[in-house]
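This is what each chain is made of:
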Amino acid sequence: MNKSIQLKIENKIAYITLNRPEVFNSFNREMAFLLHDTLDACEKNDDVRAIVLTGNGKAFCAGQDLKEVTDPDLNPGFKKILEEHYNPIITRIRAIKKPIIAAVNGVAAGAGANIALACDIVVAHEKVSFIQAFSLIGLVPDSGGTFFLPRLIGFQKALALAMLGDKISAGDAEKMGMIYKILPLENFEKEVNKLALKLANMPTKALGFIKELFNQSMTNDLDAQLVLESKLQIEAAQSEDYAEGVAAFIEKRKPEFKGR
């Protein structure tokens, strides 16, 4: 039997696949804990310099498996679901100092949409849709949705989507700044791999610092952000990749970054 989370590491890229296609890759307790472990393993593995998160089958992720929360024998309760399943996933995604691509291959709904939006770069093909489905069953957005969505698309638009539960096409998501880019359906996997390979061959330490700076910019004032920029720029300037980048520029050749 296939695990609900699959991991493949190739060309310095970790491909993490949500693998419950029969239920549109919705999360149960086992799948959430497996994703925690897989993200931790990718963070610790020095051979991994970029991560791709995607889904198997027709969906990226439909959010929570409602069978689990409606079955008295299975239901862990919303306190455990949030504090032990989703919140740790979001905090891991933001803390890992490696670029994470959400390759949204199908519908992303509820927590599934917000897990995608928590990633560093979100790409989708033109048949994809996103939906904040919570209000449609009497719930509120979780998994960082109320944090990331208004910062991505603005307060008014985000509040309306959260309240109304509108289904948003990939095209509209790109136009409003919810996602980075639409990739062609016929070459989706190939284009995702191309993007991931580019990131995996870039100066990993600098990318991690960039991620940290953008994370802190969510709450820092300008003075605090300038201080942090100075600190991390000084550290970046001491890296092997910086020395290689400068040498390659002067020598008019392509740099060979090692992620150190």
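Structure shown above.
Residue numbers restart at each chain and count upward from 1, following the sequence in its written direction. Side-chain atom pairs in this predicted model are given and counted only at pLDDT of 80 or more, local residue features only at pLDDT of at least 70, and totals for whole chains, interfaces and linings cover all residues. Excluding hydrogens and water, the side-chain values take into account all heavy atoms of the structure.

Peer 1: Please explain the packing of helix α5 (residues 145–153) against helix α6 (residues 155–164) as it appears in this structure.
Peer 2: Where α5 meets α6, the closest approach of the two axes is 7 Å, and the angle between their N-to-C directions is 135 degrees. One finds that α5 runs oblique with respect to α6. Where α5 crosses over α6, the handedness of that crossing is right-handed. Judged by residue contacts, Leu-149, Pro-150 and Ile-153 of α5 engage Phe-155, Lys-157, Ala-158 and Leu-161 from α6. Across the contact of α5 with α6, the residue classes tally to 6 nonpolar, no polar and 1 charged. Lines are fitted to the C-alpha atoms to define the axes, a helix being fitted only along its stretch in contact, and any angle between axes, read from their N-to-C directions, falls within 0 to 180 degrees. A run of H or I in DSSP becomes a helix once it reaches four residues, and a run of E becomes a strand once it reaches two; helices and strands are each numbered from the N terminus. Each angle is binned into one of four classes, with values under 35 degrees roughly parallel, values over 145 roughly antiparallel, values of 65 to 115 roughly perpendicular, and all other values oblique. Should the near helix be turned counterclockwise from the far one by less than a right angle, the crossing is left-handed, whereas a clockwise turn marks it as right-handed. Any two residues whose heavy atoms approach within 4.5 Å at even a single point are treated as in contact. Any residue outside Ala, Val, Leu, Ile, Met, Phe, Trp, Tyr, Cys, Pro, Asp, Glu, Lys and Arg is labelled polar, Gly included; the first ten of those are nonpolar and the last four are charged.

Peer 1: How do you make sense of the sheet that holds strand β8 (residues 129–131) when you look at a structure like this?
Peer 2: Note: strands within a sheet are paired through backbone hydrogen bonds, in either parallel or antiparallel orientation. Pairing between two strands is assigned when DSSP locates at least 2 bridges connecting them. The strand order β4-β6-β8-β9 describes an open sheet built from 4 strands, whose pairing is mixed. The sheet is open, and its two borders are formed by β4 (59–61) and β9 (167–169), each paired with just one other strand. The sheet shows a mean angle of 20 degrees between the axes of neighbouring strands, taken without regard to direction. With 2 bridges joining them, β4 and strand β6 (residues 107–109) adopt parallel strand pairing.

Peer 1: For this particular structure, what's the right way to read the nonpolar core?
Peer 2: Nonpolar side chains tend to gather and get buried jointly when the protein is soluble and globular. Each nonpolar core is a collection of buried residues, namely Ala, Val, Leu, Ile, Met, Phe, Trp, Tyr and Cys, held together in the definition by side-chain atoms within 4.5 Å. The buried label goes to any residue with under 20% of its type's maximum accessible area, the exposed label to any with over 50%, and the partly exposed label to all in between, with areas taken from a 1.4 Å probe on protein chains only. Counting 48 residues, the largest nonpolar core has Phe-27, Leu-35, Val-104, Phe-130 and Met-178 as its most contacted members. Excluding anything up to four places from it in sequence, Phe-27 contacts Leu-18, Arg-20, Ala-32, Leu-35, Cys-61, Gly-63, Gln-64, Asp-65, Glu-68, Tyr-86, Ile-89 and Ile-115. Judged by nonpolar contacts, the second largest core, of 15 residues, contains Ile-13, Tyr-15, Leu-199 and Leu-207.

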